[in-house]
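Letter by letter, the chains look like this.
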Amino acid sequence: IADSTPPSELIDSWEALQAEVAPCTQCDLCKTRIQTVFGSGNKNAGWMFIGEGPGQSEDQQGLPFVGKAGQLLTEMLRAIGLDREEVFIANIVKCRPPANRDPTPVEIESCKPYLLRQLTLVKPKIIVVLGRVAAQALLNTDEPIGKLRGQIRALNGTPLVVVYHPAYLLRSLLDKRKAWADLKLAMQTVKNIKG
Ligand code: URA
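Residues numbered from 1 in each chain as written. Predicted model: local features only at pLDDT ≥ 70, side-chain atom pairs only at ≥ 80, totals over all residues. Heavy atoms only, no water.

A. Region of the structure containing the pattern of salt bridges. This model, assessed by the stated rule, comprises 8 salt bridges. Close ionic contact of Asp102 with Arg132 constitutes a salt bridge, the shortest N to O distance being 2.9 Å. In this pair, Asp102 sits in the loop between strand S3 (88-91) and helix H4 (105-122) while Arg132 sits in helix H5 (residues 132-139), placing the two residues 30 residues apart along the sequence. Of the residues examined, Arg132 reaches a relative accessible area of 37% and is grouped as partly exposed. Close ionic contact of Glu109 with Lys112 constitutes a salt bridge, the shortest N to O distance being 3.6 Å. (Salt bridge = Lys/Arg side-chain N within 4 Å of Asp/Glu carboxyl O. Helix = DSSP H or I, 4+ residues; strand = E, 2+ residues; numbered from the N terminus. Buried < 20%, exposed > 50% of the residue type's maximum accessible area, 1.4 Å probe, protein only.)

Right, here's the structure in full:
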């Protein structure tokens, strides 16, 4: 009888992934970063939040969403009854783009496999994608965020909801209501999942 357990070298691990990400030189962002920002939180989280890339504070501290946008993200999480520690937070690129410019398609494509491995390891019940850049990258589309938000989508079979980026919401108070609607949609989706 064949053993269905894959050999250990084929099973990914957090240790292996972290060891690869930390010294990564796959793209030019490695030349200007202070450090890689791997992601943080509960590695068995039901909720995974995915942002665009580290900003200055994140590059300095080595942690995602610790600046002003991060404070708003923490409030958004609280509004739906979640603590930062119980979710997993990561970014589409692990290194800060200079002057906080958008990551380029080349940078996104070279970094995306790390995020997809994180998703496979966390196995969240729901993915919340923050902002246009991450949403377009993960859904392989150039549709505007106004079209991507407001409905349940999926990534490799996991439900996914697109929400306006907290840095954008800091400037656009009117869209906070739409972000709240999207977070409620995410909550409802998790509630409807059995088990
Ligand atoms: N903005 C992001 O998209 N990610 C961070 O980690 C911080 C700010």
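Structure shown, so let's carry the discussion forward.
B. Structural detail: the site of the ligand. As a structural note, the neighbourhood of the ligand is formed by Gly51, Glu52, Gly53, Glu58, Pro64, Phe65, Asn91 and His165. Between Glu52 and the ligand, the recorded distance is 2.8 Å, taken from a backbone N or O atom to an oxygen atom. Contact distances for the ligand include 2.8 Å between an oxygen atom and a side-chain N or O atom of His165. For the ligand, whose accessible area on its own is 240 Å², the fraction buried by protein is 92%. (Near = heavy atom within 4 Å. Polar contact = N/O pair within 3.5 Å; in protein donor to acceptor, adjacent residues only side chain to side chain. Areas by Shrake-Rupley, 256 points an atom, 1.4 Å probe, with all protein chains shown as cover.)

C. Fine view of helix H8 (residues 176-192). Along its 17 residues, H8 runs 24 Å from first to last C-alpha, staying within 8% of the 24 Å computed at 1.5 Å per residue. Ala179, Asp182, Leu183, Ala186, Thr189 and Val190 are the residues of H8 that are buried. Buried residues of H8, seen end-on, are gathered within an arc of 115° and therefore sit on one face of the element. Turned more than 90 degrees off the buried face of H8, the exposed positions are Arg177, Lys191 and Asn192. On its buried face, H8 is in contact with strand S2 (47-51), helix H3 (68-79), strand S4 (126-130), strand S5 (152-155), strand S6 (158-163) and helix H7 (166-171). (Expected span 1.5 Å × (residues − 1). Arc of directions from axis to C-beta. Contact = heavy atoms within 4.5 Å.)

D. Region of interest: the packing of aromatic side chains. Per the stated rule, a full pass over the model turns up 4 aromatic pairs. For the ring pair Trp14 and Phe88, a centre distance of 5.4 Å and an interplane angle of 45° mean the geometry is tilted. Of this pair, Trp14 sits in helix H1 (residues 14-21) while Phe88 sits in strand S3, placing them 74 residues apart in sequence. Both residues of the pair, Trp14 and Phe88, belong to the buried class. On the numbers, 6.0 Å between centres and 10° between planes, the contact of Trp47 with Phe49 is stacked. As far as burial versus exposure is concerned, Trp47 and Phe49 are alike and both buried. Counting every residue linked through ring pairs, the aromatic cluster contains Trp14, Phe38 and Phe88. (Phe/Tyr/Trp six-rings, centres within 6.5 Å; stacked < 30°, edge-to-face > 60°.)

E. Region of the structure containing the packing of H4 against H5. One way to put it is that H4 packs onto H5 with a least axis distance of 11 Å and a crossing angle of 80°. One way to sum up the angle between H4 and H5 is to call them roughly perpendicular. The segment H4 lies against H5, with Ile108, Lys112, Leu115 and Leu116 engaging Val133, Ala137 and Leu138. Looking at the contact of H4 with H5, its residues break down into 6 nonpolar, no polar and 1 charged. (Axes fitted to C-alpha atoms, helices over the stretch in contact; angles between N-to-C directions. Parallel < 35°, antiparallel > 145°, perpendicular 65-115°, else oblique. Nonpolar A, V, L, I, M, F, W, Y, C, P; charged D, E, K, R; others polar.)

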